[in-house]
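# Observations on the three-dimensional arrangement
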Amino acid sequence: MSGRRGVLLKGAVLSPRSVDRADSYEDGFVRVDDEGRIAAIGVWHDALNDADPIVEVGNALILPAFVDAHVHLPQIDVRARYGLPLMAWLEQHVFPAETAFADPEHAERVAERFFHALAGNGIGTAGVFATVHVEATHRAFEVAANSGLRIVMGKVLMDVNGPPELIEPADRGIEASLELAERWEGAAGGRLHTAITPRFAPTSSAALLSHAGRAARKAGLRVQTHLAEQREEVEIVGRLFPEAADYLAVYEQYGLVGERSVFAHAIHCTDDAFGRLANAGSTIVCCPTSNAFLGSGSFSLRRAKRANVQIGVGSDVGAGPLFSPLDVLRHFAYLDRVEPAELLYRGTLAGAEALSLSHETGSLAVGNAADLVVLEPPVDAVGDPLQRFVQCVFRNPETQVVATLVEGRVVYGRLPT
Ligand code: GUN
Ligand code: ZN
């Protein structure tokens, strides 16, 4: 991590405003102040010349660092294990990999590679699932703090229907989550946050969900979990929680569906469930590469939009094989007719909104942290900055992440000299 802060970046600048609007400056600038915040953006002609060093990025685009709103730290090494449906894939590949996190040294080594991979893919902020292990999660937070990234992370909660090494009594899991929150919520200058993280309903007792809901409300913590990813999973939930009208109702009855709640997948949801998520101010994280890889089904973007529910995007590594937000956005685009401004928005601001961090990151609004990615499009990319960004999305392998900055600090790569 370099210590550079105050800087005047010169190049093509893009920043989302909403799902259908983006600010775009072909010959633009971003001024980063000494605190690592965005002091101004606009057309180069208007940039006031002062003592800050000028960094020209050439043909690269300057945009907000990407937000991966749903990703699993312990699964970096079980990516691309193809051919099984969700429940069998978890048992055969994921649970053994997560069991290895009983060793904190192992956890720390994996965390180093994980956060480096995020930064290397232009991701400045992520919503992360760790494992059930408290010490391993502490280590992961320490590595996150040193990485310079902005991270929301939770210790996974599981108290039933898992391998014995990964389940624990509900009260112990909640206590550990609160202890982690005590230590890490707002740490590293406000870059780190914690989340109450029940894995999903099938590995949760009613007692666990009820404790989790109470703890999240009482401590004002974020909640992240999975929802209706595969049909078999939905059927299991129906059998485990026969009193609930549908999968979402399980989380609702325990107070887990609120403004700070983030639900990954939500593929097999009715319009009614989408409407309830929207009313609650919760967010869905669409994970299109994961959904394709595990054969989970296709997220109904059209229905979710019609219900006005907030939607972020996530890699869901390891079910998603790649970290690249560009790859995730390409698959997202194939869900429906998605306009260029929406692709930019989903990869940045929508994720920040999902993680309740849009006052800090996700757009280049003045006063926000200078969380940026400098992206070099394919050499023959043409059109305005938004069009060139779209070419980065669809020609991801020909696109280069030059540098990722969080709060004006380079956390990956280097700025041109
Ligand atoms: N549902 C419960 N746990 C997981 C997980 O680790 N990955 C995915 N894709 N779905 C899940
Ligand atoms: Zn997941």
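The structure reproduced in this document is the subject of the present report. (Residues numbered from 1 in each chain as written. Chains lettered and ligands numbered in written order. Predicted model: local features only at pLDDT ≥ 70, side-chain atom pairs only at ≥ 80, totals over all residues. Heavy atoms only, no water.)

### Remarks on the packing of helix α12 (residues 325-333) against helix α15 (residues 385-394)
To keep it simple, the criterion reads: Fitting a line to C-alpha atoms yields each axis, with helices limited to the stretch in contact; the angle taken between N-to-C directions then spans 0 to 180 degrees. In this text, helices come from DSSP runs of H or I with a minimum length of four residues, and strands from runs of E with a minimum of two, each type numbered from the N-terminal end. What sets the label is the angle itself: under 35 degrees gives roughly parallel, over 145 gives roughly antiparallel, 65 to 115 gives roughly perpendicular, and the rest give oblique. By the convention used here, residues are in contact when the closest approach between their heavy atoms is within 4.5 Å.
Here α12 crosses α15 at 95°, and the two axes come no closer than 7 Å. In this view, α12 runs roughly perpendicular relative to α15, as classed from their interaxial angle. Where α12 abuts α15, its residues L326, L329, R330 and A333 lie against F389, C392, V393 and F394.

### Quick notes on the site of ligand 1
Keep this limit in mind: Here, proximity means that at least one heavy atom of the residue falls within 4 Å of the molecule or strand. Counted as a polar contact is a pair of N or O atoms within 3.5 Å, where, for protein atoms, one must be capable of donating a hydrogen and the other of accepting one, and residues adjacent in sequence contribute only when both atoms are in side chains. Shrake-Rupley sampling with a 1.4 Å probe provides the accessible areas, and residues are treated as covered by the protein chains on show and by no other component. Here the term charged refers only to Asp, Glu, Lys and Arg, the term nonpolar to Ala, Val, Leu, Ile, Met, Phe, Trp, Tyr, Cys and Pro, and the term polar to all other amino acids, Gly among them.
Around ligand 1, a shell composed of H72, Q75, L86, W89, L90, R199, F200, H226, E229, H265, D316 and A319 is seen. Contact between ligand 1 and Q75: an oxygen atom at 2.9 Å from a side-chain N or O atom of the residue. In the model, a nitrogen atom of ligand 1 is placed 2.7 Å from a nitrogen or oxygen of the D316 side chain. About the coverage of ligand 1: the protein hides 100% of its 280 Å² of free accessible area. Of all the elements, helix α1 (residues 86-99) adds the most residues to the shell around ligand 1, at three residues. Looking at the shell around ligand 1 residue by residue, the classes come out as five nonpolar, four polar and three charged.

### Points about the coordination of the zinc ion (ligand 2)
Filter applied, for reference: Nitrogen, oxygen and sulfur within 2.8 Å of a metal are treated as its donors, or within 3.2 Å for sodium, potassium and calcium (Na, K, Ca); water is not counted, so a site can appear incomplete. Site shape is set this way: if four donors have all angles between 85 and 135 degrees, tetrahedral; if opposite donors are over 155 degrees apart and all others between 65 and 115, square planar for four donors and octahedral for six; otherwise irregular. Accessibility here uses a 1.4 Å probe with only protein chains present; expressed as a share of the type maximum, an area under 20% marks a residue as buried, one over 50% as exposed, and anything in between as partly exposed.
Summarising the metal site, the zinc ion (ligand 2) is bound by the protein donors H70 (NE2), H72 (NE2), H226 (NE2) and D316 (OD), whose distances to it range over 2.0 to 2.2 Å. Taken together, the four donor atoms coordinating the zinc ion (ligand 2) and their angles of 92 to 164° define a geometry best described as irregular. Written as a sequence motif, the donor arrangement for the zinc ion (ligand 2) is H-x1-H-x153-H-x89-D. With a gap of 154 residues between them, H72 in strand β5 (residues 66-72) and H226 in strand β10 (residues 222-227) connect regions that are remote in the sequence. With a relative accessible area of 6%, H226 lands in the buried category.

### Points about the packing of aromatic side chains
Two descriptors summarise a pair of aromatic rings, namely the distance from one centre to the other and the angle between the planes of the rings. For the record, the criterion: Centres within 6.5 Å make a pair out of two Phe, Tyr or Trp rings, where for Trp the six-membered ring is used; the pair is then stacked when the planes are under 30 degrees apart, edge-to-face when over 60, and tilted otherwise.
By the definition in use, this model includes nine aromatic pairs. Ring centres of F141 and W184 lie 5.3 Å apart, and the angle between their planes is 10°; this geometry places the pair in the stacked category. Separated by 43 residues along the polypeptide, F141 in helix α3 (residues 134-147) and W184 in helix α4 (residues 170-184) bring together distant segments of the chain. A single burial state applies to F141 and to W184, both of which are buried.

### Focus: the sheet that holds strand β2 (residues 21-32)
Put simply, the test is: The pairing criterion for strands is at least two bridges between them, as found by DSSP.
Spatial strand order, β3-β2-β1-β4-β14-β15-β16: seven strands in an open sheet with mixed pairing. The sheet terminates laterally at β3 (38-43) and β16 (409-413), the two strands that pair on one side only. The average undirected angle you get between the axes of adjacent strands in this sheet is 35°. Strand direction decides the pairing type here: strand β1 (residues 7-18) and β2, joined by ten bridges, are antiparallel. Directly across from S15, in β2, lies its bridge partner D23. With respect to the sheet, helix α13 (residues 340-347) is in contact with β1, β2 and β4 (54-64), its orientation differing from that of β1 by roughly 105°.

### A look at the side chain of K155
For K155, the location among the structural elements is in the loop between β7 (150-154) and β8 (156-157). The class for K155 is buried, based on a relative accessible area of 1%. A distance of 2.8 Å separates a polar side-chain atom of K155 from the backbone oxygen of V132. At 2.5 Å, the side chain of K155 and the side chain of E168 are in polar contact. Those residues in contact with K155 that lie beyond four places of it in its chain are T131, V132, V134, T137, E168, G173, A176, S177, L180, A195 and T197.

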